[in-house]
Amino acid sequence: MICKDKEKKALYAIYSLIAEAHNLAIQNIQSKELFNFFDDLEHLPNLLIEENDQTNFFEMCLEGCCVRNKCTYIIDKYRK
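Given the structure is predicted, the values throughout are model-derived calculations rather than measurements.

Rules and cut-offs
- Residues numbered from 1 in each chain as written.
- Predicted model: local features only at pLDDT ≥ 70, side-chain atom pairs only at ≥ 80, totals over all residues.
- Heavy atoms only, no water.
- Axes fitted to C-alpha atoms, helices over the stretch in contact; angles between N-to-C directions.
- Helix = DSSP H or I, 4+ residues; strand = E, 2+ residues; numbered from the N terminus.
- Parallel < 35°, antiparallel > 145°, perpendicular 65-115°, else oblique.
- Contact = heavy atoms within 4.5 Å.
- Nonpolar A, V, L, I, M, F, W, Y, C, P; charged D, E, K, R; others polar.
- pLDDT = per-residue confidence, 0-100.
- Phe/Tyr/Trp six-rings, centres within 6.5 Å; stacked < 30°, edge-to-face > 60°.
- Lys NZ or Arg CZ within 6 Å of the ring centre and 35° of its normal.
- Expected span 1.5 Å × (residues − 1).
- Buried < 20%, exposed > 50% of the residue type's maximum accessible area, 1.4 Å probe, protein only.
- Arc of directions from axis to C-beta.
- Core = buried A, V, L, I, M, F, W, Y, C linked by side-chain atoms within 4.5 Å.

### Examining the packing of helix H1 (residues 7-26) against helix H2 (residues 31-41)
For any two helices packed against each other, one specifies the inter-axial angle together with the distance between the axes.
Part 1 of the reasoning: Two numbers describe how H1 lies on H2: the axes approach to 10 Å, and their chain directions differ by 170°. Taken together, the axes of H1 and H2 lie roughly antiparallel to each other. Contacts from Ile14, Leu17, Ile18, Glu20, Ala21, Leu24 and Ala25 of H1 reach H2 at Leu34, Phe37, Phe38 and Leu41.
Part 2 of the reasoning: By residue class, the composition of the contact of H1 with H2 is 10 nonpolar, no polar and one charged.

### Overview of the confidence of the model for the chain
Part 1 of the reasoning: When pLDDT is averaged across the chain, the result is 94; 100% of the residues are at 70 or more.
Part 2 of the reasoning: Per-element confidence in the chain ranges from a low mean pLDDT of 91 for H2 to a high of 97 for helix H5 (residues 72-79).

### As for unusual backbone geometry
Leaving glycine out, the prevailing phi sign among residues is negative, and the prevailing peptide bond configuration is trans.
Part 1 of the reasoning: With phi around 55°, Asn28 is a residue other than glycine that occupies positive phi space.
Part 2 of the reasoning: By the element assignment, Asn28 lies in the loop between H1 and H2.
Part 3 of the reasoning: Residue Lys70 is not a glycine yet carries a positive backbone phi of 55°.

### Describing the packing of aromatic side chains
Part 1 of the reasoning: Scanning the model with the defined rule gives three aromatic pairs in all.
Part 2 of the reasoning: Residues Tyr12 and Tyr15 carry aromatic rings whose centres are separated by 6.0 Å and whose planes lie at 40° to one another, so their mutual orientation is tilted. Here Tyr12 and its partner Tyr15 are both found in helix H1, three residues apart, which amounts to about one turn of the helix.
Part 3 of the reasoning: Taking NZ or CZ as reference, Lys9 lies 6.0 Å from the ring centre of Tyr78, over its face.

### Some details on H1
For an α-helix, the turn length of 3.6 residues means that residues three or four places apart are oriented alike.
Part 1 of the reasoning: Helix length check: H1, at 20 residues, gives a terminal C-alpha distance of 29 Å against a target of 28 Å (1.5 Å per residue), a fit within 8%.
Part 2 of the reasoning: Residues of H1 that are buried include every one of Ala10, Ala13, Ile14, Ser16, Leu17, Glu20, Ala21 and Leu24, and no others. Down the axis, H1 shows its buried residues gathered within 160° of arc, on one side only. The exposed residues of H1 that point more than 90 degrees off its buried face are Lys8, Leu11, Tyr15 and Ile26.
Part 3 of the reasoning: Just downstream of H1 lies Asn28, where phi reads positive at about 55°.

### What about the nonpolar core?
Part 1 of the reasoning: Leu17, Phe37, Leu44, Phe58, Leu62, Cys66 and Tyr78 are the most contacted members of the largest nonpolar core, which totals 22 residues.
Part 2 of the reasoning: Residue assignment for this core shows that the elements contributing at least two residues are H1, H2, helix H3 (44-49), helix H4 (55-68) and H5.
Part 3 of the reasoning: With six residues, H1 is the single largest residue contributor to this core.
Part 4 of the reasoning: Once residues within four sequence positions are removed from consideration, Leu17 is found in contact with Phe37, Leu41, Leu44, Leu62, Cys65, Cys66, Cys71 and Ile74.

Here's what the structure looks like:
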């Protein structure tokens, strides 16, 4: 789980990453790059449903995913 007051922002960040991946697929990005993007993304939803507070770990993973995939506007919006 993550802090209750950050749940909506976290869901929106995950949605935004999925939309970013969709845009990459439309641009015919190399499959290895798209695979790595989804590899970063796929475990984020699980952190939302863990029993223990995973807020800090979620934020660290989200930031890493955004930096590696050149979409830092997503983490910036999450932090506002």
